[in-house]
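# Descriptive analysis of the structure
Listed below, chain by chain, are the residues.
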Amino acid sequence: RVYVGGAAGRTGRQVVKILNSRSDVDVIAGVRSAATSELPADLETLVYDLTSEDTVTELSELFISQGVTDVVCTIGFIPTFVPEVDRTLAELIDYVATVNLIRASEAANLAGRFVLISSLGISLSSASARMLNS
């Protein structure tokens, strides 16, 4: 079973679509809110706040009980283009939430892989790259 963190986002939806098309992969969509209208209706979803302090223990236990073997992390914040807000969101989502997902995966001692997909820094002249370098 593959858990896709950030499954409702642009990249996450594409990852879910590809994985869900394979008969040998069982996907669990990790989302931060129940608003998952763009995901397949029959897809198993797990609503979870990866920024929560209790995330590591609770999520690792869920991974074990749900038989998760692999994790694909596509989580990321959506820029507001307000520098102070984006710095806070970048730290909370792209750092804290990602680290919590990594730690939960390690604590669950998953048999498979942890794959991190990120678009951070793909363009050195983008607003997000300038923000991260400021």
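Now for a look at the structure at hand. For clarity, every value in this text was computed on a predicted model and none was experimentally measured.

A few words now on the overall build of the chain. The helix and strand inventory of the chain stands at four helices and five strands. The helix and strand sequence of the chain, counted from the amino end, reads β-α-β-β-α-β-α-β-α. The contacts of the chain with a sequence gap of at least 6 include a subset with a gap of at least 24, amounting to 61%. Entry remark: accessible area of the chain is about 8,100 Å², with carbon and sulfur atoms responsible for 53%.

Okay, the sheet that holds strand 3 (residues 44–47) next. Taken in spatial order, the five strands of this open sheet run 3-2-1-4-5, and their pairing is parallel. What marks the edges here is a single partner per strand, and that holds for strand 3 and strand 5 (114–116). The average undirected angle you get between the axes of adjacent strands in this sheet is 20°. For strand 1 (residues 2–5) and strand 4 (residues 70–73), the ladder comprises four bridges, and the chain directions are parallel. Across the sheet, the residue bridging to valine 4 is valine 72, located in strand 4. The sheet contacts of helix 2 (residues 55–66) involve strand 1, strand 2 (27–31), strand 3 and strand 4, and relative to strand 3 the element is tilted by about 165°.

The full count for this structure, using the stated rule, is four salt bridges. A salt bridge links glutamate 44 to arginine 1, with the shortest nitrogen-to-oxygen separation between them at 2.2 Å. You can see glutamate 44 sitting in strand 3 and its partner arginine 1 sitting in the segment before strand 1, a full 43 residues away along the chain. Note on glutamate 44: relative accessible area 32%, which makes it partly exposed. For arginine 1, a relative accessible area of 24% puts it in the partly exposed group. Between arginine 22 and aspartate 24 there is a salt bridge, with its nearest N and O atoms 2.7 Å apart.

Turning our eyes to something else, we now look at a negative patch on the surface. A contiguous patch of negative charge, built from Glu53, Asp54, Glu58 and Glu61, is present on the exposed surface. Take aspartate 54: it is sitting in the loop between strand 3 and helix 2.

Note: strand 4 against strand 5, three bridges, orientation parallel. For valine 72, the partnering residue across the bridge sits in strand 5 and is valine 115.

A few words on the environment of aspartate 49. Along the chain, aspartate 49 falls in the loop between strand 3 and helix 2. Separated by 44 residues in sequence, aspartate 49 and isoleucine 93 place their C-alpha atoms 9.9 Å apart. Engagement of the side chain of aspartate 49 in a polar contact is seen with the side chain of threonine 51, the distance being 2.5 Å.

Conventions we followed
Residues numbered from 1 in each chain as written. Predicted model: local features only at pLDDT ≥ 70, side-chain atom pairs only at ≥ 80, totals over all residues. Heavy atoms only, no water. Helix = DSSP H or I, 4+ residues; strand = E, 2+ residues; numbered from the N terminus. Contact = heavy atoms within 4.5 Å. Areas by Shrake-Rupley, 256 points an atom, 1.4 Å probe, with all protein chains shown as cover. Pairing = 2+ DSSP bridges. Axes fitted to C-alpha atoms, helices over the stretch in contact; angles between N-to-C directions. Salt bridge = Lys/Arg side-chain N within 4 Å of Asp/Glu carboxyl O. Buried < 20%, exposed > 50% of the residue type's maximum accessible area, 1.4 Å probe, protein only. Patch = residues over 30% accessible without salt bridge, like charges linked within 9 Å, V, L, I, M, F, W, Y side chains within 5 Å. Lys, Arg positive; Asp, Glu negative; His and termini not counted. Charge placed at Lys NZ, Arg CZ, Asp CG, Glu CD. Polar contact = N/O pair within 3.5 Å; in protein donor to acceptor, adjacent residues only side chain to side chain.

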